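Below are the chains, spelled out letter by letter.
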Amino acid sequence: MSFERLGLDPILLRAIDKCGFKNPSDIQREAIPLALSGKDLMASAQTGTGKTAAFVLPALQRLLTPSAKRGAGPRVLVLAPTRELATQVSEAVRDLGHFARLTTGAVVGGMPYGPQERLLRRPLDLLVATPGRLMDHMDRGRVDFSRLELLVLDEADRMLDMGFVDAVEQIAAATPDDRQTLLFSATFEGSIQRVVKRLLREPVRIEIDAVTQRHEAITQRLHIADNFDHKQALLDRVIRDENGEQALVFTSTKKGADELAEQLNQRGIRSNALHGDMSQYHRRRAVEQLRNGRIQVMVATDVAARGLDIRGLALVVNFDLPNNPEDYVHRIGRTGRGGDTGTAVSLIGRQDWPKLARIERMTGQKIERTVLEGLEPRYGEPRSNHARRAPGKGRRGPSRSHGNSGAPRRGRALSA
Ligand code: ADP
Ligand code: MG
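This structure is a prediction, so every number in the text was calculated from the model and none was measured.

(A) How the structure looks around the nonpolar core. Counting residues in hydrophobic clusters, the biggest one holds 40 residues, and the most contacted among them are Leu8, Ile27, Phe55, Val56, Leu57, Leu182 and Phe184. In terms of residue count, helix 3 (residues 51–63) provides more of this core than any other element does, 8 residues in total. With residues near it in sequence (within four places) discarded, Leu57 still touches Phe3, Leu8, Leu12, Ile16, Ile32 and Leu96. Formed by 37 residues, the second largest nonpolar core is a distinct cluster that contains Leu248, Phe250, Ile310 and Val345.

Now the structure itself:
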């Protein structure tokens, strides 16, 4: 299956060739023809599967035909959660739009306002923006969306996690109703449903390799911990049993991540932390240290760990379980990538049991309980755990269907 068959213009095919892409990825094969046909899409696929080109190519194709409407303002708007992701999208637009003469620009936080204001006054073809900064410009009355044809929400779940839900809805409300909308998200659970309902019209749903279905290469087990010290002893043993292989350890708090990394260092296991309170520079450096083997263990929170791609990572440890069961699946998915096998170990203290129940209910799998010699727990599994109905914090009721979903829905809904 080649790019030619997707219905793309020769100008774009030349650029694809120049980028060295031989064949479309699964998400590109599914999404591009549908997007070209004008349909709204809600799509998910693992990180690194080429979602950017899946929306950039149809967007560029649309821009090869002159606008039917007069005025200034962008014809295509791509919203992305962070400046880094917005930059990545801009680079893809530059590369894939290489042979098309287009005016594009970016409006992101942390940059001066002046050039962005001048940019927004021009008739732009494509604008990439982070929601916060774009809202700033809109509040000053400087954005004209009357020509907007296509709105793309990239990493929509992350935008919502970052508190951009109102901004995203306000921005969408400022654009014409007859626009096309493409939404990319790692998950369709929780508040993403509200956004889908309000902003998309009869979307076709595409799910490639849904996150709940890629466990096969990962061995999962758990150890019961009586208290914090017991957890630490278990962690040490689990890490040492991997014979120097690298590990990613998750904690529920930033402070916990810092402290645990520090304690591991004191016990001779080279470690660093990764969480949202660290500067971009220190986050990048920590990831670099893991990539080049300078540290053996990275202790991270969920915020920092989404989308992280470390080749050959053998072990993921949940020092604390996540509150959101979907995050469990994201976490363990940091190992067992690209054909490798991996191990995911969860350390279960008293406060982790209800979370475990929710995770096991969502995945439909019971995680194997195992005991390490010399580190046996004094207390077993609480009997109430089997019967308990976990509160389902922060979740809505049963998921409703919306629009004519072309693709099958994921088998197990969170709330099921
Ligand atoms: P995602 O958004 O799904 O995480 P990206 O769009 O960032 O993934 O793409 C990941 C990498 O794959 C990028 O370096 C991109 O240039 C490359 N890529 C995208 N599509 C293809 C393709 N069809 N063939 C080869 N490489 C591709
Ligand atoms: Mg992406």
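(B) Just the sheet that holds strand 1 (residues 41–44), in detail. Taken in spatial order, the 7 strands make up an open sheet running 3-4-2-5-6-1-7, and their pairing is parallel. The sheet is open, and its two edges are formed by strand 3 (104–107) and strand 7 (204–207), each paired on a single side. Within this sheet the neighbouring strands show an average axis-to-axis angle of 15 degrees, counted without direction. Pairing analysis gives 3 bridges linking strand 1 to strand 6 (residues 180–184), with the strands arranged parallel.

(C) Inspection of the side chain of Glu360 at higher detail. With respect to the secondary-structure elements, Glu360 resides in helix 15 (residues 353–363). With residues near it in sequence (within four places) discarded, Glu360 still touches Gln365, Lys366, Ile367 and Arg369.

(D) Seen up close, the packing of aromatic side chains. Scanning all chains against the criterion turns up 2 aromatic pairs. Between Phe228 and Phe319, the aromatic rings sit 5.6 Å apart at their centres with planes inclined by 75 degrees, giving edge-to-face as the arrangement. Here Phe228 is found in helix 10 (residues 228–241), whereas its partner Phe319 is found in the loop between strand 12 (315–318) and helix 14 (325–332), with 91 residues between them in sequence. Take Phe228: its relative accessible area is 46%, and that puts it in the partly exposed class. We classify Phe319 as buried; its relative accessible area is 3%. Above the face of the Phe99 ring, Arg14 is positioned so that its terminal group lies 4.0 Å from the ring centre. A cation over a ring is seen here: Lys231 above Phe319, with NZ or CZ 5.4 Å from the ring centre.

How each quantity is defined
- Residues numbered from 1 in each chain as written.
- Chains lettered and ligands numbered in written order.
- Predicted model: local features only at pLDDT ≥ 70, side-chain atom pairs only at ≥ 80, totals over all residues.
- Heavy atoms only, no water.
- Core = buried A, V, L, I, M, F, W, Y, C linked by side-chain atoms within 4.5 Å.
- Buried < 20%, exposed > 50% of the residue type's maximum accessible area, 1.4 Å probe, protein only.
- Helix = DSSP H or I, 4+ residues; strand = E, 2+ residues; numbered from the N terminus.
- Contact = heavy atoms within 4.5 Å.
- Pairing = 2+ DSSP bridges.
- Axes fitted to C-alpha atoms, helices over the stretch in contact; angles between N-to-C directions.
- Phe/Tyr/Trp six-rings, centres within 6.5 Å; stacked < 30°, edge-to-face > 60°.
- Lys NZ or Arg CZ within 6 Å of the ring centre and 35° of its normal.

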